[in-house]
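Observations on the three-dimensional arrangement
Listed here are the chains, written in short residue letters.
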Number of protein chains: 2
Amino acid sequence: MEAEAEWYFQEPITRQPAGPWTITQMRTRWQRDQINGLTPVWRNGMPSWRPIAELPELKEALREAVEEERPPKRRRTLEEVPITHTYTSDEGQLYMAAAFCEQFGLRCPVIMAPMAGSSPVALASAVASGGGMGACGVLAMSPEQIAGWAAGFRAAGGGPLQMNTWVPDPPPARDADHEQRVRDFLGRFGPAVPSAAGDAQPQNFDLQMEAMIEAEPAAISSIMGVFPEQWVRRLQRRGIRWLAVATTVREAQAAEAAGADAIVAQGMEAGGHRGAFRAERAESELVGLFALVPAIAEAVKVPVIATGGIGDPKTAAAALVLGASAVQVGTALLRCPEAKLNEHWAEALAQRPWPEDTAATRAFSGRLGRSLRTAYVQAAEAPDAPRPAPYPVQRGLTKPMLRCSFAGPGEDAERRHLGGHGDGLGGPGGAAGARPPGQGGCGGHLEWGEGDP
Amino acid sequence: MEAEAEWYFQEPITRQPAGPWTITQMRTRWQRDQINGLTPVWRNGMPSWRPIAELPELKEALREAVEEERPPKRRRTLEEVPITHTYTSDEGQLYMAAAFCEQFGLRCPVIMAPMAGSSPVALASAVASGGGMGACGVLAMSPEQIAGWAAGFRAAGGGPLQMNTWVPDPPPARDADHEQRVRDFLGRFGPAVPSAAGDAQPQNFDLQMEAMIEAEPAAISSIMGVFPEQWVRRLQRRGIRWLAVATTVREAQAAEAAGADAIVAQGMEAGGHRGAFRAERAESELVGLFALVPAIAEAVKVPVIATGGIGDPKTAAAALVLGASAVQVGTALLRCPEAKLNEHWAEALAQRPWPEDTAATRAFSGRLGRSLRTAYVQAAEAPDAPRPAPYPVQRGLTKPMLRCSFAGPGEDAERRHLGGHGDGLGGPGGAAGARPPGQGGCGGHLEWGEGDP
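Residues numbered from 1 in each chain as written. Chains lettered and ligands numbered in written order. Predicted model: local features only at pLDDT ≥ 70, side-chain atom pairs only at ≥ 80, totals over all residues. Heavy atoms only, no water.

1. A closer look at the overall build of chain A
Counting its regular elements, chain A contains 15 helices and 17 strands. Relative to its full complement of 453 residues, chain A shows a buried share of 61%. The contacts in chain A between residues at least 6 apart in sequence include a share of 65% that link residues at least 24 apart. Summed over its atoms, the accessible surface of chain A is roughly 16900 Å², and 51% of this surface lies on carbon and sulfur atoms. (Helix = DSSP H or I, 4+ residues; strand = E, 2+ residues; numbered from the N terminus. Buried < 20%, exposed > 50% of the residue type's maximum accessible area, 1.4 Å probe, protein only. Contact = heavy atoms within 4.5 Å. Areas by Shrake-Rupley, 256 points an atom, 1.4 Å probe, with all protein chains shown as cover.)

Here is the structure:
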């Protein structure tokens, strides 16, 4: 294929055609992150523009070049952006966001949060086709399920995509007596908990990583730690960006040093699980997004994605003012019809409690997460309640209780709700067809579905 | 004095002269909050403009009118501001901030935090003369000290001023055995703690309120609850605004219902003490500023002042984007020369640790506050440490330890530092002559001086 200049491609953002290029020129652009699998290309004889990822011959030619020739992945840093990184320049903020969009093939700097159990293809696809980045939280999915999800996403139109799983903790210390107390306690809120419930094993991390890489998303994100070095190299060789969730400045610095392409700064407002690298520090190192984003933006050179409490254009704008290049939205997307929540749950979301109605709790999985302060959470916080078992033991133990209340509204259903401080209005720039919002409000919350962690 | 139109006054913000007015016209303006004790006035024969507060005859005439005729204080609500309350309009945000400035006689929407023990006249005065609102935290001051401080402030030029004290908690439950354990524990960090140390009494709240009202600041702020109704009426009759600190949406709603003129939304990032109305809920209802400001702005009609994590123009701008009409700055002001910190302490401030280096702790006073995670704080958080006694018992018990380490740098000095997540750059719009900043950074922290609570 090393022939004349014949390839045309579309510029990111503007979608203007450019070219023609030779394969060698394409390789150079690929190595510089200026084009990727999502870039639409065309040459004489093709009926229409198609993304590189759908042209096996071309993709292989470019990928070979990368696998063989590419130096350790070049990070595009803010230093290379010809603007001053300061709030005083509106142009500067917009340029940072635009540079981020260009790097990831987005039309707006909005990323769907990878909510395990709550990222159906339809929702990710709606976000991606709206110009943002779709997401899939694969935590509870087998490699086959991951491949199936990815195939469904491509069939639905594909586009920019983030996939995510947890970096494993060391094996938990088991304590049969304590687990018995937890089982007895949980039996007050659901059926009796079988003694083997705590033995439930999470999916195999390495197999999940293989499956995600084969799916070729634009990005794979880490949470609860940094990816081991061999996986970082694999991602780099395949041209997949690594987004690293950090809950403190030092975690962000560690992730950057390990090769992360961007930091997802997770404020204490975020729903779902906290990304603390060391589980035991999760409570004592809670940092609000308002302080975390400017501090991380100062401490690292890679772009910062803000998450936690962002659910409408106002909060997204504030995050950019604080120094973020993009925002990640979770809870607020769940009211979109594409999230396919059941009717009862969608209505519960619409009630939108205040931020103080949520609580940081280990009661669901053993890892700290943010949840509505339901009757179960309150009981679990009481001094006489047994402290939750470590992850994933607690997750296994709570499964019978959570399963038993999946159908309906009311107190039973409320037990299931993990959720953040985010405003429940959203939809990324109108991408995902949000339900008509009310007067605004804080405290959307997300449900952990069948595949909950 | 009911003579011809003879009084001229200066317009807020622009400082343009207007008039002449009769006393009756002045009274109408006074009742409408269009002028107040800080408004400069002049009439034929006076050598220069002087604030109304310094003209006893005029002040009495206006105040009588207010005491007698004034209906329950009229709050200026956002509904009366002829703009849409939405982030999409930059003009809208600026208008909200400008309306707030006009209402309080400010040139920039920046309010000094009333840091008990750390609000010297020089600092408050620098902030006020720079166009912001100065502050005095009177918590540990006697009525005489309050009057003296106010006289000093007026002598230094006066200007917009906030004063603050804590709404008292119910008397604490005492436990001699437990206090003994706390005393033993504290003895590891300082001199032996006398058995009477826990008996220390706070200043009398009612006398402090009287003294503050006599000082006629533009505003008196509440924290740890709402002011009792009789004090609210007194403030209203005297034309003193009530700023109510709230840490949750429901606290903000309660304060508005009780007559607060503005809500100070205190994010979990804030240094010093948390304003939780119910002490026992302070830990479980920590809300980040990023979620708190938009939620409160939606829930109340009075203006919202954001505080916690704000220390430079970037964070101030982000707070306005989130829906605040003004910002309150604490930690970041302490590096100004006017704060008169000792050399060692000023250098310690310049180290600016990351947000995760601070911790929410009751170890200093028994009330939850944010502090550097020093060796003492870490020891107090350990599972084997006795939990802190209730306020004000713990405050009394820790005093010997804190006093013993006032002079120098190092570990001893570090024990004293309560502090927030705020960026240590600041100074309100350059008002207070900040020391040359470094490259930015998060984690300024404040010291509780001799008068610490």
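This is not the end of the story, as more comes after the structure.
2. Notes on the sheet that holds strand S4 (residues 50–51) of chain A
Overall, antiparallel pairing links the four strands, which are arranged S2-S1-S3-S4 (chain A) in an open sheet. A strand with exactly one partner marks an edge of an open sheet, and here the two such strands are strand S2 (17–21) and S4 of chain A. (Pairing = 2+ DSSP bridges.)

3. Regarding the side chain of Ser325(A)
Residues and elements named next belong to chain A. Examined against the element boundaries, Ser 325 turns out to sit in the loop between helix H11 (313–321) and strand S13 (326–329). The class for Ser 325 is buried, based on a relative accessible area of 1%. Not counting residues up to four positions away in its chain, the partners in contact with Ser 325 are Met 96, Ala 97, Phe 100, Pro 109, Pro 303, Val 304 and Leu 320.

4. Notes on the pairing of strand S8 (residues 219–223) of chain A
Residue and element names in this part refer to chain A. Burial analysis of S8 places five of its five residues in the buried class, which makes it a mostly covered element. Side chains of S8 alternate between two faces, with Ala 219, Ser 221 and Ile 223 and Ile 220 and Ser 222 buried alike. Strand direction decides the pairing type here: strand S7 (residues 161–166) and S8, joined by five bridges, are parallel. Looking at S8, one finds that Trp 166 is bridged to Ile 223. As paired strands, S8 and strand S9 (residues 241–246) are joined by four bridges and run parallel to one another. Bridged to Ile 220 within S9 is Trp 242. Taken together, S8, helix H8 (residues 229–237) and S9 constitute a β-α-β crossover, and its handedness is right-handed. (Right-handed = clockwise from strand over helix to strand, strands pointing away.)

5. Some words on the confidence of the model for chain A
All names here are of chain A. Mean pLDDT over chain A stands at 80; residues scoring 70 or higher make up 78%. In the predicted structure, residues 70–91 sits below a pLDDT of 50 and forms 45 contacts with residues beyond four places in sequence or in another chain. Of the regions scoring below 50 in pLDDT, residues 406–418 engages in 46 contacts with residues more than four places distant in sequence or in other chains. (pLDDT = per-residue confidence, 0-100.)

6. Thoughts on the relation of the copies chain A and chain B
Between chain A and chain B, which share one sequence, the superposing operator has a rotation angle of 180 degrees and an axial displacement of 0.1 Å; the RMSD is 0.3 Å. Overall, the copies show the geometry of a two-fold rotation axis. Comparing interface residues between copies, 100% of those in chain A also lie at the interface in chain B; the contact surface is shared. (Least-squares fit on C-alpha atoms with pLDDT ≥ 70 in both.)

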